[in-house]
Amino acid sequence: MATFKDFRNSVKPNWCPGCGDFSVQAAIQRASANVGIEPHELAVVAGIGCSGRIAGYINSYGFHGIHGRALPIAQGLKMANRDLNVIASGGDGDGFAIGMAHTVHAIRRNIDVTYVVMDNQIYGLTKGQTSPRSAQGFITKSTPGGAIEPSLKPLEVALSAGATFVAQGFSTDIKELTALIEAGIQHKGFSFINVFSPCVTYNKINTYEWFKENLTKLADIEGYDPQNRELAMQTVMEKEGLVTGIIYQDLETKSYQEKVPGYSEQPLSELDMNLDEGQFNDLVKEFM
Amino acid sequence: MLHQLSWKVGGQQGEGIESTGEIFSMAMNRLGYHLYGYRHFSSRIKGGHTNNKITVRPTEVRSIADDLDILVAFDQETIEVNYKELTEKSIILADAKFKPVQPEDSKAPVFIVPFTEIATELGTSLMKNMVAIGSTAALLNLNTSVFQSLVDEIFGRKGEEVVKKNMEAIQQGYDIMSELLGDRVGEWELAPADGKRRMFMIGNDAIALGALAAGSRFMAAYPITPASEIMEYLIKKLPKFGGAVIQTEDEIAAATMAIGANYGGVRSFTASAGPGLSLMMEAIGLSGMTEQPLVIVDTQRGGPSTGLPTKQEQSDLMAMLYGTHGEIPKVVIAPSTLEEAFFDTIQAFNIAEELQLPVIIMTDLQLSLGKQTTEPFDYSKIEIRRGKIAFEDLEPTENKDYFKRYENTEDGVSTRVLPGTENGIHHVTGVEHDETGKPSESAGNRQVQMDKRFRKLEKLNFDTPVYVNAPHDEADVLLVGFNSTRGALEEVQERLTTEGKKVNHAHIRLLFPFPSEEMAALVNGAKKVIVVENNKTAQLANIMKLNIGGHSKTHSITKYDGTPFLPRELENKVKELLD
Ligand SMILES: Cc1ncc(C[n+]2csc(CCOP(=O)(O)OP(=O)(O)O)c2C)c(N)n1
Ligand code: SF4
Ligand SMILES: [Mg+2]
């Protein structure tokens, strides 16, 4: 059985020293080993951004696509091969700005893909512009007078969109993050995992220290029940989204694939592609 | 006895005009006639003038007819909009209900028939369409029994009573028309047909069926006119073959989802029209750069922007050839008949996999939505070729490095390995990359990979890049077109030939890479070249000049008012240019 070391490759990440994304990478590698899959049984599909490079840093099939489109690529891949483990990942700009529509609709659709957002509240790769996750008033290159728009609330959006799995992690807590990703991989349906992954170069507000001071672990809240959607929404609102752990999980709802009529149990990629003559002639006759 | 009949029914949208045309057509198909139907409709659901013009012949019909023999009108607007197409030999059948008025300069008389009244007396005004069909049958001197099996099929599940009522409506329409016609009975009788049933379908059906036959089991698409029928057909059929269609949130998702599914190993595609294609441009580049197969159908309609969403145009050509930033190898094909639409779709999937690149199938509204008869497609000609794919698990690579998915091979095509394959791990990225797919910005590698990607086109094996009917070594004129202008051009070639002109015709089916050699030979063999296309800026003519020159002898006939070319108008324009 593969260990997390088998998910390492020879590529040296070009992230800045101290970047939160290193830990996200490690957590994905550990979680993959923990759930017992082999490197070739995993595909990591990523968007564009510092975060997007992650697809090239894990020893697995990796697809580094275009900005904001990791999710549709990942969903197409999963539809083609339902036996494959598919993780999509990318930055907060990738998932909540240019790719926001895909995020909401992937959540609604509930295809069995695990989505890990590396949320640093800034655009890293393009060198420090505001992101939909930047706090109001945050001064960036593109908001010299401070961000005007309110910060997007991804957990609330996910819950409202009908998510069947919502979690949030913090990149320094690799243990918790690994467990969240494991749970996400094992969840039958779409799992949305937002991860606070500090950008040490362009975000001097939402630093490691800042998160440590402000985050609450759901595990520490007495009576918290991740299967209670109302409680999840209420808690997230009360804590202004600054919580970690499994926020909500719906164990009943079936994944998209289980609901699509006629969808093959066997991966589509393995089906016989040929129509036999009888089948073809029947189709032709329908037009006659 | 007529050798061609042109029949049109018109009224307000949402009033069953379509089904009237449909039932009439199906009956004629059963009798063995060849058909070409073209619908005029607007971008709204209820209301607004709509009509369905159907050209019927006992022999092959290639184009919408110039004139109209019979106009069935359910409102005055139908008469006003269409009477100019009528000749002295034509006739208007009009529903008494709207108190029809014959325009002063109408060459054809109006026969007033109580369609609605008869239908209402039989139980429901909805059956006015059946009454009109009955009256049409009287004009054509058809036996009403022709409709029995059709009515059984269409209304059978609603019960015997409904079937009986509908047949009765047809009979009464027939009887009253026969009476009204008096001694003109038989004037619109068509020469008999061979009694052989043919497929009767729209271009979009042919494409969807082609995708199914090509082994495509996944489609991602966003609805748009005139492409939606492709997804709608597959939504019905794919579940029977284990596959699925996802209606995505937009066309960017559709194209990228199709890329993801192709990467996963299932043939997948998307279909849209201009606005959707505009959104897909970045994804097309991704497919080219990452060498993931992708098939996209562009059903052209009137642009730009929302443009004329329900009207004919061929103005996406430049965008399809040159859209997407940077440079990628891609293939753009343009079928012009139902049979080509079917087999070219299969070719598109084969090429996309063999050469690992995006293939765009261009159609236009007239081909996508025009409903025509065609001989049943030949099963034995269906061929699936997937190119280089490693299906079995592989041996471990040297030093456990990544698999060389982008190996710099002689023909430029490297072996694909599908996710899930042991020892096949590699990286895929839209960033310039080395042979294992890892990002690389070195100048040397860039050139190697760029050349490798483009080298693949040299191996392109497209069956019949140009449809050619060129009987003359030294022609007076070469007529050139693409997509649905084919029939009108064939018609014009035939007419001018009988007048003693030497006319060659080339219809381009492979637009990129451009079949320069073949086209240059044809251009060289003609005194004049006339390029016919439904757009303002003569895009195809410009592509020809760009690729093969011939500037001084190349002329253009363009039309961009949203309506298709009819043979006679084209014939006149060609003649003007020849004088
Ligand atoms: C269509 C498109 N627009 C813009 C860009 C430029 N771009 C690359 S990454 C990025 C944003 C990165 O921010 P985020 O997604 O948060 O990732 P991070 O770098 O912070 O990890 C932008 C705007 C692009 N690559 N493609
Ligand atoms: S710029 Fe920020 S997000 Fe990008 S690698 Fe450096 S620290 Fe990480
Ligand atoms: Mg970011």
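Residues numbered from 1 in each chain as written. Chains lettered and ligands numbered in written order. Predicted model: local features only at pLDDT ≥ 70, side-chain atom pairs only at ≥ 80, totals over all residues. Heavy atoms only, no water.

Here we look at the overall build of chain A
Our working definition: Numbering goes from the N terminus for both helices and strands, where a helix is a DSSP run of H or I of at least four residues and a strand is a run of E of at least two. Put simply, the radius of gyration uses C-alpha atoms, and a globule should come to 2.2 Å times the residue count raised to 0.38. Only protein chains enter the area calculation, which uses a 1.4 Å probe; residues under 20% of their type maximum are buried, those over 50% are exposed, and those in between are partly exposed. Only heavy atoms enter the contact rule, under which two residues are in contact if any of them lie within 4.5 Å.
Assigned secondary structure in chain A consists of ten helices and eight strands. Over its C-alpha atoms chain A spans a radius of gyration of 20 Å, differing by no more than 12% from the 19 Å that the globule rule assigns to 288 residues. Structurally, chain A occupies a C-alpha span of about 70 × 45 × 40 Å along its principal axes. Relative to its 288 residues, chain A shows a buried fraction of 60%. Of all intrachain contacts in chain A linking residues separated by at least 6 positions in sequence, the fraction that spans at least 24 positions is 71%.

Re the coordination of the magnesium ion (ligand 3)
All names here are of chain A. Under the convention used in this document: Shown as donors are all N, O and S atoms within 2.8 Å of a metal ion, widened to 3.2 Å for Na, K and Ca; because water is not in the atom set, sites may appear incomplete.
Those donors, Asp92 (OD), Asn120 (OD1) and Ile122 (O), are the protein atoms that reach the magnesium ion (ligand 3), and they lie 2.0 to 2.2 Å from it. Written as a sequence motif, the donor arrangement for the magnesium ion (ligand 3) is D-x27-N-x1-I. In this pair, the class of Asn120 matches that of Ile122, namely buried.

So, the packing of aromatic side chains
Residue and element names in this part refer to chain A. Note the following rule: Classification of ring pairs rests on two measures: the distance between centres of Phe, Tyr or Trp rings, Trp counted by its six-membered ring, which must be within 6.5 Å, and the angle between planes, read as stacked under 30 degrees, edge-to-face over 60 and tilted in between.
Scanning all chains against the criterion turns up 19 aromatic pairs over all chains. Geometrically, the ring pair formed by Trp15 and Phe22 is edge-to-face, given 5.3 Å between the ring centres and 85° between the ring planes. We classify Trp15 as buried; its relative accessible area is 7%. Residue class for Phe22 comes out partly exposed when judged on its relative accessible area of 30%. Measuring from centroid to centroid gives 4.8 Å for Trp15 and Tyr57, while their planes differ by 90°, and the two rings are edge-to-face. Of the two residues, Trp15 is situated in the segment before α1 (21–34) and Tyr57 in the loop between β1 (42–46) and β2 (61–64); the sequence distance between them amounts to 42 residues. Grouping residues by exposure puts Trp15 and Tyr57 together as buried.

Let's talk about the site of ligand 2
Where we set the bar: Put simply, a residue is near a molecule or strand once any heavy atom of it comes within 4 Å of that molecule or strand. As a working rule, the residues Ala, Val, Leu, Ile, Met, Phe, Trp, Tyr, Cys and Pro are called nonpolar, Asp, Glu, Lys and Arg charged, and the rest polar, with Gly in that last group.
Looking at ligand 2, the residues that line it are A:Trp15, A:Cys16, A:Cys19, A:Cys50, A:Asn120, A:Cys199, A:Val200, A:Thr201 and A:Tyr202. When grouped by side-chain class, the residues that make up the shell around ligand 2 number seven nonpolar, two polar and no charged.

Quick look at the site of ligand 1
Test applied: The definition of a polar contact used here is a pair of N or O atoms within 3.5 Å, where within protein one atom must be able to donate a hydrogen and the other to accept one, and adjacent residues in sequence count solely through side-chain atom pairs. The Shrake-Rupley method, run with a 1.4 Å probe sphere, supplies the accessible areas, and residue values consider only the shown protein chains as cover.
What surrounds ligand 1 is a group of 17 residues, the closest being A:Cys50, A:Ser51, A:Asp92, A:Gly93 and A:Asp94. Site remark: ligand 1 is flanked by residues from chains A and B. Between A:Asp92 and ligand 1, the recorded distance is 2.7 Å, taken from a side-chain N or O atom to an oxygen atom. Contact between ligand 1 and A:Leu125: an oxygen atom at 2.9 Å from a main-chain N or O atom of the residue. Protein coverage of the free-state accessible area of ligand 1, which is 590 Å², stands at 76%. The leading source of residues in the shell around ligand 1 is helix α3 (residues 92–98) of chain A, at four residues. Along the lines of polarity and charge, the residues of the shell around ligand 1 split into six nonpolar, eight polar and three charged.

Here we look at the nonpolar core
As a reminder, the rule being used: By nonpolar core is meant a set of buried Ala, Val, Leu, Ile, Met, Phe, Trp, Tyr and Cys residues that side-chain atoms within 4.5 Å join together.
One finds A:Phe192, A:Ile247 and B:Leu511 to be the most contacted residues of the largest nonpolar core, which totals 97 residues. Beyond its immediate chain neighbours, meaning those up to four positions away, A:Phe192 contacts A:Phe96, A:Thr103, A:Ile107, A:Tyr115, A:Val117, A:Pro154, A:Leu155, A:Ala158, A:Phe165, A:Val166 and A:Ala167. B:Met201, B:Tyr233, B:Phe241 and B:Leu338 belong to the second-largest nonpolar core, a separate cluster that totals 50 residues.

Focus: the pattern of salt bridges
Residue and element names in this part refer to chain B. Threshold: Salt bridges are defined as contacts in which a side-chain nitrogen from Lys or Arg sits within 4 Å of a carboxyl oxygen from Asp or Glu.
Applying the stated rule across the entire model yields 46 salt bridges over all chains. Between Arg62 and Glu494 there is a salt bridge, and its shortest N-O distance comes to 2.7 Å. Here Arg62 is found in the loop between β3 (49–57) and β4 (68–73), whereas its partner Glu494 is found in helix α15 (residues 486–498), with 432 residues between them in sequence. Across the pair Glu340 and Arg486 runs a salt bridge whose closest N-O atoms are separated by 2.7 Å. Of this pair, Glu340 sits in helix α12 (residues 338–355) while Arg486 sits in helix α15, placing them 146 residues apart in sequence. Of the two residues, Glu340 and Arg486, neither departs from the other in class, the shared state being buried.

Thoughts on the sheet that holds β1(A)
For clarity, the cut-off: Between any two strands, pairing holds if DSSP finds at least two bridges. Each axis is a line fitted through C-alpha atoms, taken for helices only over the stretch in contact, and angles between the N-to-C directions span 0 to 180 degrees.
An order of β7(A)-β8(A)-β5(A)-β6(A)-β4(A)-β3(A)-β1(A)-β2(A)-β17(B) is seen for the nine strands of this open sheet, with the pairing classed as mixed. Here the strands that pair on one side only, and so sit at the sheet edges, are β7 (216–217) of chain A together with β17 (427–429) of chain B. Of the strands in this sheet, β1, β2, β3 (85–91) and β4 (114–119) of chain A touch helix α2 (residues 70–80) of chain A, which is tilted by about 175° from β3(A).

Some details on the side chain of A:Ser171
Residues and elements named next belong to chain A. Relative to the helices and strands, Ser171 resides in the loop between β5 (165–170) and α6 (174–186). Taking relative accessible area as the criterion, Ser171 reaches 0% and is therefore assigned buried. When sequence neighbours within four positions are dropped, the list of residues in contact with Ser171 reads Gly20, Ser23, Val24, Leu177, Val195, Phe196, Ser197, Pro198 and Tyr208.

Here's the deal with the interface of chain A and chain B
The condition is simple: Accessible area that two parts lose when put together, with a 1.4 Å probe and added across both, is what the buried area reports.
Across the contact, 55 residues belong to chain A and 68 residues belong to chain B. When chain A packs against chain B, close to 4900 Å² is buried across both sides, 67% of that on carbon and sulfur atoms. For chain A, the biggest contributors to the area lost against chain B are A:Tyr61, A:Met273 and A:Phe287; these three give 18% of the whole. The tally of links from chain A across to chain B stands at two salt bridges. Here B:Lys237 and A:Glu286 are joined by a salt bridge, their closest N and O atoms 2.8 Å apart. Here chain A and chain B share 18 residue pairs in polar contact (both at pLDDT 80 or more) between them. Among the elements of the structure, β2, α2, α4 (100–109) and α10 (277–285) of chain A are those that each provide at least two residues to the side of chain A that touches chain B.

Overview of helix α17 (residues 539–548) of chain B
Of all the positions in α17(B), only B:Gln539, B:Leu540, B:Ala541, B:Ile543 and B:Met544 are classed as buried. Once α17(B) finishes, B:Gly549 follows within two positions and takes phi at roughly 75°, a positive value.

Describing unusual backbone geometry
Residue and element names in this part refer to chain B. Omega for the peptide link from Gly303 to Pro304 comes to -10°, which places this bond in the cis form. Here Pro304 lies in the loop between β11 (294–300) and α11 (317–322). The amide bond that connects Phe512 to the next residue, Pro513, takes the cis arrangement and shows omega of -5°. Along the chain, the position of Pro513 falls in the loop between β21 (510–512) and α16 (516–524). At Asn423, a position not held by glycine, the phi torsion is positive, near 65°. Tracing the chain through its elements places Asn423 in the loop between β16 (416–417) and β17. Even without being glycine, Ala538 reaches a positive phi, approximately 55°.

A look at a negative patch on the surface
Let me state the cut-off plainly: Each patch is built from residues lacking any salt bridge and having more than 30% relative accessible area; the joining distance is 9 Å for like charges and 5 Å for nonpolar side chains (Val, Leu, Ile, Met, Phe, Trp, Tyr). Here Asp and Glu are counted as negative and Lys and Arg as positive; His is not counted, and neither are the chain ends. The atoms used to mark charge sites are NZ of Lys, CZ of Arg, CG of Asp and CD of Glu.
Taken together, A:Asp272, A:Asp276, A:Glu277, A:Asp282, B:Glu339 and B:Asp378 make up a surface patch of like negative charges. Mapped onto the fold, A:Asp276 is located in the loop between α9 (256–259) and α10. Take A:Asp276: its relative accessible area is 43%, and that puts it in the partly exposed class.

A short note on the domain arrangement of chain B
All names here are of chain B. Stated formally: Note that the domain bounds reflect an automated or database-derived domain assignment.
Taken domain by domain, chain B holds domain 1 (5–184), domain 2 (200–375), domain 3 (388–463) and domain 4 (466–578). Taking the mean C-alpha position of each, domain 3 and domain 4 sit 41 Å from one another. Domain 3 puts four residues into the contact, and the matching count from domain 4 is four residues. Summing both sides of the interface, domain 3 and domain 4 together bury roughly 340 Å²; the carbon and sulfur share of this comes to 82%. When the buried area of domain 3 at its contact with domain 4 is split by residue, Leu457, Leu460 and Phe462 rank highest and sum to 86% of it. Along the contact surface separating domain 3 from domain 4 lie zero salt bridges. Across the domain 3-domain 4 interface, the total number found is zero residue pairs in polar contact (both at pLDDT 80 or more). Considered class by class, the residues forming the side of domain 3 that touches domain 4 number three nonpolar, no polar and one charged.

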